[in-house]
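Chain by chain, the residues:
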Amino acid sequence: MSTDTNPTNVVLVTVDSLRADAIEPYSEEHRTPTLRRLAERGTVFEHAFATGNWTPFSFPGLLASRPVFADSGTVGVTESETLADALSEAGVATGGFNAANGFLTPHWGYDSGFDEFESFVADADSFYGKYLATHPTVEAWLQLASAPVRRLVSRLRGEDDDRPFMDASRMLDVERRAKEFVERSQTPFFLWIHYMDVHTPYAPAPRHFREVSSSTLGTPEMLLAHARAGLGQGVNERTLAGLRTLYQATVRQVDASIGRLLETLSAAGLREETCVVVAGDHGEEFQEHGHLAHYPKLYDELLHVPLIVDAPGESSRRIERAVGLDDVPPTITALLGVSPPKTWSGHSLVGSIETGERPDGEPVISVTVRDDPVTRQPIPRDLEDGDLLVSARTDDWTYIENVDSETAELYHRPSDPVQRYDRSVDPGPEADAAIERLRPLVREHARSIRAAGSASTPAGPADEAVETRLEALGYR
């Protein structure tokens, strides 16, 4: 397949836990200079939605354009043809670097198709490094507590203080490997990097902390917010504000890192022939529906994510129609002139990027599995770990159904953006029509992934390093 937009290379940047309203192209409240410049050059999809509420449920769509559970009966892509597979078979050089998310490792099939792949899960050599890798909240506290001293030392040395001095999020490792890959790669190439800084425990470098907080008592306030949340104490408004500030500081930190990646492309003479795609894999909740982080729910704070595509030579556009992250793989193959596998569920968005045409308008389907209570760990890894919840989104409506209990919710997002008023209890003609359209899609999706899951063998346990890292991130 060929297109009028012909980048030589594609860089896909995914950011864990990045909600759409945390960055400048989607919000006037926050400043993210790098992402703003990408948006000014490229296409912003205003209503992009993840296919699941956390990494293992969203990434089958993001890197394999397949629903979670559809092929392997578990949360990996071991039985799916991935984006890297399709590109590698077409002769594109591929590199993938994941900042230590244990769900994006070879155990789950995410190395498939990559010429170079590193997940940074099991290479903390020192006792100190291993301890921080398994206790990232301690790293966050140390980073914040020592921030004033670090700032003074940086000033005396004439150094910058925009990077973390303890790299438990592995941002610096990802940067280094991505830079090496770009500098020695033969074109065409596909580079994927995944950041974890925006995931809890939110440990920003001093400069980015100062950029979003004017408080002279910022460090103790942030430490208090971490301590209260980490100890499971009640989260009052002050603590919630502190956590939001930390979150936004880590967003700025990733924004700066993406900027350095773009500088690497420019230094190599590749910036103007490289398409840059940026997406969040899912969002983050700050008690909009009663919790922190990203527990198994299907509301917008967890599913509405940024999707920006800066393709060479294309005009800046903003696309209103709802799209899913499973559209990312076929979009990238189309940009590179590679035919997508027939099994992929998503659709190319290149028409929107080139001409502003509206995407096909199919509802976006998202999935989670939830036991009782909502905060129960471990994270579900197969369909037998709890009730199956499936949502379908159009431009205006969100329909969510627990297909096991057959209970449903319906929200009209334009009039109820925080999704508090369940229209299923008082429908009316428009709501009735939305339910009539979306309920069959939700139930058919549930039927199809259950049928696929019953014919598959669930994956065995991951190795010790992966399981240790998952536990450190709050997953078991």
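To keep things clear, this report deals only with the structure shown in the data block. Along every chain, residues carry numbers that run from 1 in the direction the sequence is written. Only residues with pLDDT of 70 or above have their local features reported here, since the model is predicted, and side-chain atom pairs are shown and tallied only from 80 upward, although totals for entire chains, interfaces and linings are computed over all residues. With hydrogens and water set aside, each side-chain value is computed from the structure's full complement of heavy atoms.

1. Regarding the overall build of the chain
Looking only at helices and strands, the chain has 15 helices and 17 strands in total. Classification of the 476 residues of the chain by burial places 60% in the buried group. Two residues form a contact once any of their heavy atoms are found within 4.5 Å. For the chain, the proportion of contacts with a sequence separation of at least 24, taken over those separated by at least 6, is 71%. Labels follow the DSSP assignment, with helices taken as runs of H or I lasting at least four residues and strands as runs of E lasting at least two, numbered in each case from the N terminus. Residue burial is assigned from relative accessible area. The probe radius is 1.4 Å, only protein chains are included, and a residue is buried under 20% of its type maximum, exposed over 50%, and partly exposed in between.

2. Topic: the side chain of Asn-101
Checked against the element boundaries, Asn-101 lands in the loop between strand 4 (93-98) and strand 5 (116-118). By relative accessible area, Asn-101 is classed as buried at 0%. Counted as a polar contact is a pair of N or O atoms within 3.5 Å, where, for protein atoms, one must be capable of donating a hydrogen and the other of accepting one, and residues adjacent in sequence contribute only when both atoms are in side chains. Of note is the side chain of Asn-101, whose polar atom sits 3.4 Å from the side chain of Thr-55.

3. Some details on the sheet that holds strand 4
The strand order 5-4-6-1-7-11-2-12 describes an open sheet built from eight strands, whose pairing is mixed. At either margin of the open sheet sits one strand with a lone partner, and together these are strand 5 and strand 12 (317-319). Geometrically, the sheet is characterised by an average inter-axis angle of 10° between neighbouring strands, direction not taken into account. By the convention used here, strands pair only if DSSP detects at least 2 bridges between them. In this sheet, strand 12 lies alongside strand 2 (residues 43-45) in parallel orientation, the contact comprising three bridges. Across the sheet, Val-44 pairs through a bridge with Arg-318, a residue of strand 12. Angles shown run from 0 to 180 degrees and are taken between the N-to-C directions of axes, each axis being a line fitted to C-alpha atoms and, for helices, limited to the stretch in contact. Relative to strand 1 (residues 9-15), helix 12 (residues 328-335) is tilted by about 160°, and along the sheet it contacts strand 1, strand 6 (189-195), strand 7 (274-280) and strand 11 (307-310).

4. Some thoughts on the packing of helix 7 (residues 171-184) against helix 10 (residues 237-267)
In contact at an axis separation of 10 Å, helix 7 and helix 10 are set at 15° when each is read in the N-to-C sense. On the basis of the axis angle, helix 7 is roughly parallel to helix 10. For the crossing formed where helix 7 meets helix 10, the hand is right-handed. Contacts from Met-171, Glu-175, Ala-178, Lys-179 and Val-182 in helix 7 reach Gln-253, Ser-257, Arg-260, Leu-261, Thr-264 and Leu-265 in helix 10. Three categories are distinguished: nonpolar for Ala, Val, Leu, Ile, Met, Phe, Trp, Tyr, Cys and Pro, charged for Asp, Glu, Lys and Arg, and polar for the others, with Gly belonging to the last. Taken together, the residues that form the contact of helix 7 with helix 10 break down as five nonpolar, three polar and three charged. Here is the rule for angles: anything less than 35 degrees is roughly parallel, anything more than 145 is roughly antiparallel, 65 through 115 is roughly perpendicular, and the remaining ranges are oblique. In a left-handed crossing the near helix is turned counterclockwise from the far helix by less than a right angle, and in a right-handed crossing that turn is clockwise.

5. A look at the packing of helix 1 (residues 33-41) against helix 10
Between helix 1 and helix 10, whose axes approach to 7 Å, the crossing angle comes to 60°. For the element pair helix 1 / helix 10, the angle class is oblique. Only Arg-252, Asp-255, Ile-258, Gly-259 and Leu-262 of helix 10 make contact with helix 1, whose side of the interface consists of Pro-33, Thr-34, Leu-35 and Leu-38. Of the residues in the contact of helix 1 with helix 10, the class split is five nonpolar, two polar and two charged.

6. Looking at the environment of Val-77
By the secondary structure assignment, Val-77 is in the loop between helix 2 (55-64) and helix 3 (83-89). The sequence separation of Val-77 and Ala-64 amounts to 13 residues, and the corresponding C-alpha distance is 7.1 Å. Those residues in contact with Val-77 that sit more than four places away from it in its chain are Pro-60, Ala-64, Thr-82, Trp-108, Gly-109 and Tyr-110.

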